[in-house]
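Descriptive analysis of the structure
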Amino acid sequence: MSTHTTPGPERSGLALLVIAAAQLLMVMDGTIVTVGLPVIGTGLDIAQADLDWVLTAYALAFGGLLLAGGRAGDLFGRRRLFRAGLTVFLAASLLGGLAGNESVLIAARVLQGVGAAIVAPAALSLLADTFPAGPRRNKALGVYGAMGGLGSVAGLLLGGALTEYAGWRWIMFVNIPIALLVLAGTFALVPGTRERGGLDLPGALSATLALGALVYAINRAGSHGAGDGLTLAFGAVAVALLVAFVVIQRAARSPMLPSGVLADRGRLGANLVMLLMGAGQLATFYFLTLYMQTIKQYSPLITGLAYLPFAVGIGIGSGLVGPALQARTSTRTVLATGMAVAAAAMGWFALLTPDQNPLFVLLPAQLAGGVGLGIGFVGATIGGVQGVASRDSGIASGLVNTSQQIGGALGLAVLAGIAVAATASRPPGTPPQDALTGGYTAGMLGAGAFYLAAVLAAVLLLRPRPVSRSAERLGSTPR
């Protein structure tokens, strides 16, 4: 195993900037296409029912391969993998911007997800290598966690402006100069520790394909019914692949998901909260975008600007309230508080109507939801990597991001089906705008249910106990 020395304050500050910028870019790309979806659909002749795959393809590849990406960084060098992943992401962004049809765009989004799956866990592990356990690392983790929440909203804002003034292709092209700048700054990063072992590719592939089959089955069930033959077939394939994944993990010498990583109840709870948080967040952005562009007839630019309260709320939650709570109380309290606030915001969104004044519901509910999610991102990020052994830090950090991305893909599939069913169930003669809005609000209430489940998971699985100094690895705050 290689060793490194902790860099000085000036270099560690630059390293944090590079790591935070990479995390912002990876998360931002999960939502940057959201506002431009209607324009992309028209430009590439993509059916309305298939548009969500532009989001889901990235989330599935990102989430499904994150654990393998984290392990690869542990084995082959975290800075080296960080640079390689950025290069893959850059090339995929160029391919996506040049895409001439739906298939090429979806393939580019998958490849972007592969690059992100390499970069994200390497970035978090490099952060742990750069900052010693204690207050400095907790502050750095707070910045990193803030990028996870802020990046999602930044993608919506930037995507709206680029779609309006430069065309949807620049949603892809904009990643290229940012990735180049981050690559140029990697000289400030420490090489990172390296571990011995192997890479569990069969486990990674079985997990990713299982999740893809499950999401497809859920999506198809929403439009063709749960008894549809193809729905049942893909559901069966998903179950078979998940069983294969479990068998592979038990037999593998170097499993993709070592049993010790989730043996701690606190880390298990933090990752479950992150999964439920991702399930509600991506779907909420999807429904809000459709509401603003389809019902309110906002342009892409105005839609992006309308997300500003969400960005402000996440900044307040992750930059001020979350770290302050984390310093004074347990991670359990931080997560339960954030998710309760986010759930209340989803109930507020349920008041939306086609002619609703945005100042009464749309904008304040976004601000409240952003604060709740910002608090949650800080707690879940710290709880997910806290106390893990150094040899498994890449896996643990990858699992935090995996939970968010897989939660987003699964949540969008489930809640989109709920929204379609709610719209279809409206009485005959209901105005189309009322029926559609009813579906969108039903989906957001479903997101609120996910957040309430996250509160329950935090309360049941995390305990406010102090972490002994001998057990500290990636953090030093109580759970």
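Residues numbered from 1 in each chain as written. Predicted model: local features only at pLDDT ≥ 70, side-chain atom pairs only at ≥ 80, totals over all residues. Heavy atoms only, no water.

Some words on the nonpolar core
- Counting residues in hydrophobic clusters, the biggest one holds 106 residues, and the most contacted among them are Met26, Phe82, Leu105, Met277, Leu288, Tyr307 and Met339.
- Per element, the largest residue contribution to this core is 14 residues, and it comes from helix H11 (residues 265-295).
- Those residues within four positions of Leu288 in sequence are excluded, and the remaining contacts are Tyr307, Phe310, Phe349, Leu352, Leu362, Gln366 and Met444.
- By size, the runner-up hydrophobic cluster in this structure holds 11 residues, among which are Leu67, Met256, Val261 and Ala396. (Core = buried A, V, L, I, M, F, W, Y, C linked by side-chain atoms within 4.5 Å. Buried < 20%, exposed > 50% of the residue type's maximum accessible area, 1.4 Å probe, protein only. Helix = DSSP H or I, 4+ residues; strand = E, 2+ residues; numbered from the N terminus. Contact = heavy atoms within 4.5 Å.)

Quick look at helix H3 (residues 52-76)
- Look at H3: 35 Å from first C-alpha to last across 25 residues, which is about the 36 Å you get at 1.5 Å a residue.
- Taking burial as the measure, the 25 residues of H3 include 22 buried ones, the bulk of the element.
- Downstream of H3 by a residue or two, Gly77 has a phi angle that is positive, lying close to 110°. (Expected span 1.5 Å × (residues − 1).)

Comments concerning helix H10 (residues 229-251)
- Spanning 23 residues, H10 covers 33 Å between terminal C-alpha atoms, matching the ideal 33 Å at 1.5 Å per step.
- With a side-chain oxygen positioned 3.1 Å from the backbone nitrogen of Leu230, the residue opening H10 is Asp228. (Polar contact = N/O pair within 3.5 Å; in protein donor to acceptor, adjacent residues only side chain to side chain.)

A closer look at a nonpolar patch on the surface
- Taken together, the side chains of Val312, Ile316, Leu320 and Leu367 make up a nonpolar region of the molecular surface, amounting to roughly 330 Å² of accessible area.
- With 3 residues, the single largest contributor to the nonpolar patch is helix H13 (residues 308-328).
- By the secondary structure assignment, Val312 is in helix H13. (Patch = residues over 30% accessible without salt bridge, like charges linked within 9 Å, V, L, I, M, F, W, Y side chains within 5 Å. Areas by Shrake-Rupley, 256 points an atom, 1.4 Å probe, with all protein chains shown as cover. Salt bridge = Lys/Arg side-chain N within 4 Å of Asp/Glu carboxyl O.)

Considerations on the packing of aromatic side chains
- Summed over all chains, the structure comprises 8 aromatic pairs.
- Both rings, one in Trp53 and one in Tyr216, keep their centres 6.3 Å apart while their planes meet at 40°; by these two values the pair is tilted. Here Trp53 is found in helix H3, whereas its partner Tyr216 is found in helix H9 (residues 201-224), with 163 residues between them in sequence.
- Their ring planes at 85° and their centres at 5.7 Å tell us that Phe285 and Tyr307 sit as a pair that is edge-to-face. Within this pair, whereas Phe285 is found in helix H11, its partner Tyr307 is found in the loop between helix H12 (300-306) and H13, the two being separated by 22 residues in sequence. (Phe/Tyr/Trp six-rings, centres within 6.5 Å; stacked < 30°, edge-to-face > 60°.)

Quick word on the environment of Arg78
- Following the sequence through the fold, Arg78 ends up in helix H4 (residues 78-97).
- Residue classification places Arg78 among the buried residues on the basis of a relative accessible area of 1%.
- Distance from Arg78 to Leu124, taken between C-alpha atoms, is 9.6 Å for residues 46 residues apart in sequence.

Overview of the confidence of the model for the chain
- Averaged over all residues, the pLDDT of the chain is 84; the fraction at 70 or higher stands at 90%.
- Ranking the helices and strands of the chain by mean pLDDT puts helix H14 (residues 331-349) first, with 95, and H9 last, with 79.
- pLDDT under 50 marks residues 466-478. Its contacts with residues more than four places away, or in other chains, come to 36 contacts. (pLDDT = per-residue confidence, 0-100.)

Structural notes on the environment of Val388
- With respect to the helices, strands and loops of the structure, Val388 is situated in the loop between helix H15 (362-385) and helix H16 (393-424).
- Sequence separation of Val388 and Leu262 is 126 residues, and the distance between their C-alpha atoms is 9.4 Å.

Digging into the pattern of salt bridges
- Evaluation of the coordinates by the stated rule reveals 1 salt bridge.
- Close ionic contact of Arg109 with Asp29 constitutes a salt bridge, the shortest N to O distance being 3.0 Å. In this pair, Arg109 sits in helix H5 (residues 102-130) while Asp29 sits in helix H1 (residues 9-31), placing the two residues 80 residues apart along the sequence.
- Residue Arg109 is classed as buried on the basis of its relative accessible area of 0%.

Focus on the packing of H3 against H5
- One can describe the packing of H3 onto H5 by two numbers: an axis separation of 7 Å at closest approach and a directional angle of 30°. The two elements H3 and H5 meet at a crossing, and its hand is right-handed. Judged by residue contacts, Trp53, Val54, Leu55, Ala57, Tyr58, Ala61, Phe62, Leu65, Leu66, Gly69 and Gly70 of H3 engage Leu105, Ile106, Arg109, Val110, Gln112, Gly113, Val114, Ala116, Ala117, Ile118, Ala120 and Pro121 from H5.
- Class assignment for the residues of the contact of H3 with H5 results in 18 nonpolar, 4 polar and 1 charged. (Axes fitted to C-alpha atoms, helices over the stretch in contact; angles between N-to-C directions. Left-handed = near helix turned anticlockwise from the far one by under 90°. Nonpolar A, V, L, I, M, F, W, Y, C, P; charged D, E, K, R; others polar.)

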